[in-house]
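Analysis of the macromolecular model
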Amino acid sequence: MEQTTPAELPVGRPGASEREEAKRRGLRRMKLVALSFLVGATVIFLLTSWAQARGWPAWVGYVRAAAEAGMIGALADWFAVTALFRHPLGLKIPHTAIIPRKKDVLGDSLGDFVGTNFLSEPVVRAKLRRVETSRRAGEWLARPDNAERVTAEMATVVRGAVTVLRDEDVQAVMEQVVVRRIVDRQWGPPLGKLLQQILTDGAHHRLVDLVVDRAYEWVRENHETVLRVVSDRAPSWSPRFVDSMLADRVYGEVLSFAWAVKTDVNHPMRLAVDRFLVEFARDLQSDPETMARAEAVKQQLAEHPEVRKVIDSAWSTAKDMLLTAAEDPSSELRRRVATGLATLGHRLQDDPALSQKVDGWVEGVAAYVATHYSGEVTTIITDTVERWDAEQTSRKIELQVGRDLQFIRINGTVVGALAGVVIYTVAQLLF
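Residues numbered from 1 in each chain as written. Predicted model: local features only at pLDDT ≥ 70, side-chain atom pairs only at ≥ 80, totals over all residues. Heavy atoms only, no water.

So, on to the overall build of the protein chain. When helices and strands are counted, the protein chain shows 18 helices and zero strands. Here the protein chain holds 431 residues, and 29% of them are scored as buried. Looking at the protein chain alone, contacts between residues at least 24 apart form 74% of all its contacts between residues at least 6 apart. (Helix = DSSP H or I, 4+ residues; strand = E, 2+ residues; numbered from the N terminus. Buried < 20%, exposed > 50% of the residue type's maximum accessible area, 1.4 Å probe, protein only. Contact = heavy atoms within 4.5 Å.)

Counted under the stated rule, the structure contains five aromatic pairs. Ring geometry for Phe-276 and Phe-280: centres 6.0 Å apart, planes at 10°, overall stacked. Taken together, the residues Phe-276 and Phe-280, both in helix 13 (residues 268-286) and four residues apart, mark about one turn of the helix. (Phe/Tyr/Trp six-rings, centres within 6.5 Å; stacked < 30°, edge-to-face > 60°.)

Counting six residues, the largest nonpolar core consists of Leu-38, Ala-41, Phe-45, Ala-67, Met-71 and Ala-74. Look past the residues within four positions of Met-71 in its chain and what remains in contact with it is Leu-38, Ala-41, Thr-42 and Phe-45. (Core = buried A, V, L, I, M, F, W, Y, C linked by side-chain atoms within 4.5 Å.)

Our next topic: the environment of Asp-389. Structurally, Asp-389 can be placed in the loop between helix 17 (352-387) and helix 18 (390-430). Distance from Asp-389 to Pro-100, taken between C-alpha atoms, is 8.5 Å for residues 289 residues apart in sequence. At 3.3 Å, the side chain of Asp-389 and the backbone nitrogen of Glu-391 are in polar contact. A polar side-chain atom of Asp-389 sits 2.9 Å from the main-chain amide nitrogen of Gln-392. (Polar contact = N/O pair within 3.5 Å; in protein donor to acceptor, adjacent residues only side chain to side chain.)

Moving on: a nonpolar patch on the surface. Together, Ile-44, Trp-50, Trp-56, Trp-59, Tyr-62 and Val-63 give the surface a local cluster of nonpolar side chains, amounting to about 610 Å² of exposed area. It is helix 2 (residues 59-85) that contributes the most residues to the nonpolar patch, three residues altogether. Assessed through its relative accessible area of 46%, Trp-50 is described here as partly exposed. (Patch = residues over 30% accessible without salt bridge, like charges linked within 9 Å, V, L, I, M, F, W, Y side chains within 5 Å. Areas by Shrake-Rupley, 256 points an atom, 1.4 Å probe, with all protein chains shown as cover. Salt bridge = Lys/Arg side-chain N within 4 Å of Asp/Glu carboxyl O.)

Let us now look at a negative patch on the surface. A surface patch of like charges, here negative, comprises Asp-108, Asp-112, Asp-383 and Glu-386. Mapped by element, the contributors of at least two residues to the negative patch are helix 4 (103-117) and helix 17. (Lys, Arg positive; Asp, Glu negative; His and termini not counted. Charge placed at Lys NZ, Arg CZ, Asp CG, Glu CD.)

Before going further, it helps to examine the confidence of the model for the protein chain. When the pLDDT values of the protein chain are averaged, the result is 81; 89% of them are 70 or greater. Here helix 8 (residues 167-184) stands out as the element of the protein chain with the lowest mean pLDDT, 68, in contrast to helix 2, whose mean of 91 is the highest. (pLDDT = per-residue confidence, 0-100.)

Here Arg-409 lies in helix 18. Although Arg-409 is buried, it makes no salt bridge; Glu-398 carries the closest opposite charge, 7.8 Å away. The contact partners of Arg-409, leaving out residues within four places of it in the chain, are Lys-31, Ala-34, Leu-35, Ala-74, Asp-77, Trp-78 and Val-81.

Here we come to unusual backbone geometry. In this model, Leu-89 sits at a positive phi of 55°, which is unusual for a non-glycine residue. Within the element layout of this structure, Leu-89 appears in the loop between helix 2 and helix 3 (98-101). With a relative accessible area of 72%, Leu-89 lands in the exposed category. With a phi close to 55°, Glu-132 is a non-glycine residue in the positive phi region. Along the chain, the position of Glu-132 falls in the loop between helix 5 (121-131) and helix 6 (133-142). Given the relative accessible area of 36%, Glu-132 is considered partly exposed.

Okay, the packing of helix 9 (residues 188-201) against helix 13 next. Two quantities define a packed helix pair, namely the angle between the axes and the distance from one axis to the other. Packing of helix 9 against helix 13 brings their axes to within 7 Å, and their N-to-C directions diverge by 150°. Considered as vectors, helix 9 and helix 13 are oriented roughly antiparallel to each other. Between helix 9 and helix 13 lies a crossing whose hand is left-handed. Of the residues in helix 13, those in contact with Gly-188, Pro-189, Leu-191, Gly-192, Lys-193, Leu-195, Gln-196 and Leu-199 of helix 9 are Leu-277, Val-278, Phe-280, Ala-281, Leu-284 and Gln-285. By residue class, the composition of the contact of helix 9 with helix 13 is nine nonpolar, four polar and one charged. (Axes fitted to C-alpha atoms, helices over the stretch in contact; angles between N-to-C directions. Parallel < 35°, antiparallel > 145°, perpendicular 65-115°, else oblique. Left-handed = near helix turned anticlockwise from the far one by under 90°. Nonpolar A, V, L, I, M, F, W, Y, C, P; charged D, E, K, R; others polar.)

Shown next as structure tokens:
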């Protein structure tokens, strides 16, 4: 099994080395304290054994029994604590060096524990329900500084994404997914339905009004142009004054016609335009010849060099606009995003229905992830522990919990001494 070297173990955050050194000093200090209890019990045992051999009073036996039991308890607990992390005295006694030997098993157990107790659907839903995610998020977003912060982070993400994307790749996607899909669809029926809806709603009347207004204004302001056109098309043998009279007459009729179309909403010309548009909308949906012509126009537009140029430059234009807006804190886009986030924050606080809906979404997503991907999450734990070096892992764990474990040795000495006094006293009383 491949294992990481000490250099490959996870690197802590800045300042972690100072904290580790402090823990290391604390662990050494507690080991010395626990050892001093053992040494003290041993010295007292030796002194009381000597004193008892020299005939000292009976109370020496009680002290000797306490020291002896305390010494035994200290040694037993030293063995138990040491056996967790290494072989005591280097002797490969069975069931010692538990953590180095059982590292992978501990990793699997830890992964199972996390998956069962933290990543189960009921636990996740209950925790999120207590947290009130939407309300807290709303309170946080409602503060202008936080909304600006989120906007800035979103701008950074947009800048990074836009910068990483290659222009040719995006243009290829636009060509294949967007443009090709639009071109491949038949244009006639959709355009016919759109035009039919516009005609039904009467929205085209404004366009007709605009056209006839501009036509009347053009005729009124281009008297000389009309005269020149009529004169140019008159026979060469026609006298000039006759051409001028005819041109004036034609101009007057054209101007009167344009005025009539402009002012009379029921003018035959307007009605004719309406009939033409209605028939054209119907033909776009059902007449094969009209539909074929629409397809031909579509192909001409799609293959036109200027249209292709616009399509190719669309991403570059959008990219420049996005980058400019994202980099400028005072841009309209960023202001609108920040305002929208703050507004969303207020709504999450004031609108219970929206808040419940968002909480439901969050719970649903988290529950789905916990149900379907908890195995992948716990695998991160087990695989990471599996890659760690066994000895280095043992030292890391001992550094974290070893100081507290030294109290087991101290307590073993004290409790052993008390137990020894009790046992010796009972023995003296009975025998």
